[in-house]
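# Structural characterization, general
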Amino acid sequence: MKQLQIGVMGSAQDLNYSKEAEKFAKELGKKIAETGNILVYGAEKEYSSLSTNAAMEASKNGGITVGITGGKDKNIYGTYRPTVLIPCGLGIGGGREFTLILSCDVIIAISGGSGTLTEIAIAYQAGIPIIVVDKFGGWAEKLADTYLDDRNRLKCISVSTVEDAVKIAMKLGKQNRKK
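Residues numbered from 1 in each chain as written. Predicted model: local features only at pLDDT ≥ 70, side-chain atom pairs only at ≥ 80, totals over all residues. Heavy atoms only, no water.

## Considering helix α6 (residues 162-178)
- Between the first and last C-alpha of α6 there are 24 Å, a value that for 17 residues agrees with the 24 Å anticipated at 1.5 Å per step.
- Taken together, the buried positions of α6 are occupied by V162, A165, V166, A169, L172, G173 and N176. One face of α6 carries all of its buried residues, which in axial projection span an arc of 145°. Exposed and oriented more than 90 degrees from the buried face of α6 are K167, K171 and K178.
- The secondary structure elements touched by the buried residues of α6 are β1 (5-10), α1 (19-34), β5 (106-110), β6 (130-133) and β7 (156-159). (Helix = DSSP H or I, 4+ residues; strand = E, 2+ residues; numbered from the N terminus. Expected span 1.5 Å × (residues − 1). Buried < 20%, exposed > 50% of the residue type's maximum accessible area, 1.4 Å probe, protein only. Arc of directions from axis to C-beta. Contact = heavy atoms within 4.5 Å.)

## Concerning unusual backbone geometry
- With a phi close to 55°, N16 is a non-glycine residue in the positive phi region.
- When you line up the elements, N16 lands in the loop between β1 and α1.
- Here S111, not a glycine, exhibits a phi torsion of approximately 55°, which is positive.
- Relative to the assigned elements, S111 resides in the loop between β5 and α4 (114-126).
- Exposure remark for S111: the relative accessible area of 8% places this residue in the buried category.

## Regarding the side chain of E22
- Mapping E22 onto the fold places it in helix α1.
- Not counting residues up to four positions away in its chain, the partners in contact with E22 are Y17, L50 and N53.

## Points about the packing of α1 against α6
- At a closest axis distance of 9 Å, the pairing of α1 and α6 adopts a crossing angle of 40°. Regarding the angle of α1 to α6, the classification is oblique. The crossing of α1 and α6 is right-handed. Along the contact surface, α1 presents F24, E27, L28, K31 and I32, while α6 presents V162, A165 and V166.
- Classifying every residue of the contact of α1 with α6 by side-chain character gives 6 nonpolar, no polar and 2 charged. (Axes fitted to C-alpha atoms, helices over the stretch in contact; angles between N-to-C directions. Parallel < 35°, antiparallel > 145°, perpendicular 65-115°, else oblique. Left-handed = near helix turned anticlockwise from the far one by under 90°. Nonpolar A, V, L, I, M, F, W, Y, C, P; charged D, E, K, R; others polar.)

## Some details on the pattern of salt bridges
- Throughout the structure, instances matching the rule amount to 7 salt bridges.
- Here R96 makes a salt bridge to E44, at a shortest N to O gap of 3.6 Å. Of this pair, R96 sits in helix α3 (residues 96-102) while E44 sits in the loop between β2 (38-42) and α2 (50-60), and the two are 52 residues apart along the sequence.
- With a relative accessible area of 2%, R96 lands in the buried category. (Salt bridge = Lys/Arg side-chain N within 4 Å of Asp/Glu carboxyl O.)

## Points about α2
- Counting buried positions over the 11 residues of α2 gives 8, a clear majority of the element.
- L50, S51, T52, N53, A54, A55, E57 and A58 are the residues of α2 that are buried.
- In this structure, the buried side of α2 is in contact with β1, α1, β2, β3 (64-69) and β5.
- Between the side-chain oxygen of the N-cap and the backbone nitrogen of S51 there are 3.3 Å, and the N-cap of α2 in question is S49.
- Within two residues after α2, G62 carries a phi angle of roughly 80°, on the positive side. (Polar contact = N/O pair within 3.5 Å; in protein donor to acceptor, adjacent residues only side chain to side chain.)

Structure representation (structure tokens):
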């Protein structure tokens, strides 16, 4: 499997993210598609998210997207459907995040609330590289260039541009694959 599975995590619509953050997410999705890698995200049931916007844009640009949704059914918010939709049988906040993160070679977080924090913590514990966008607030910005705890296992790598996010994701994702 040569394609990397790049996870995009970020704020759900109920956090009222900015238009700039949404534009960044869309550009990120497009860039991931252009590199020929797979975008993995949490397919929400109740509202859109920055991750969904990234996935939609990746699809528009010929990319493969994998949506991990909670519960047992394939009902997700809106009309967009990923290339592959996986109902993991686990609830949001009750396990879906494990399936989502462990499906990724690397993750990129944009803004984010408690769900994104949970996903970052799981990536940290699993040794999956974490890239955080440092300009839209939320947990991504709060954790820029820090470690989650005093073990200093894995630093949250801070980026400000889509180009840097994808370039670093590809480098770290390939290194992670070799482990």
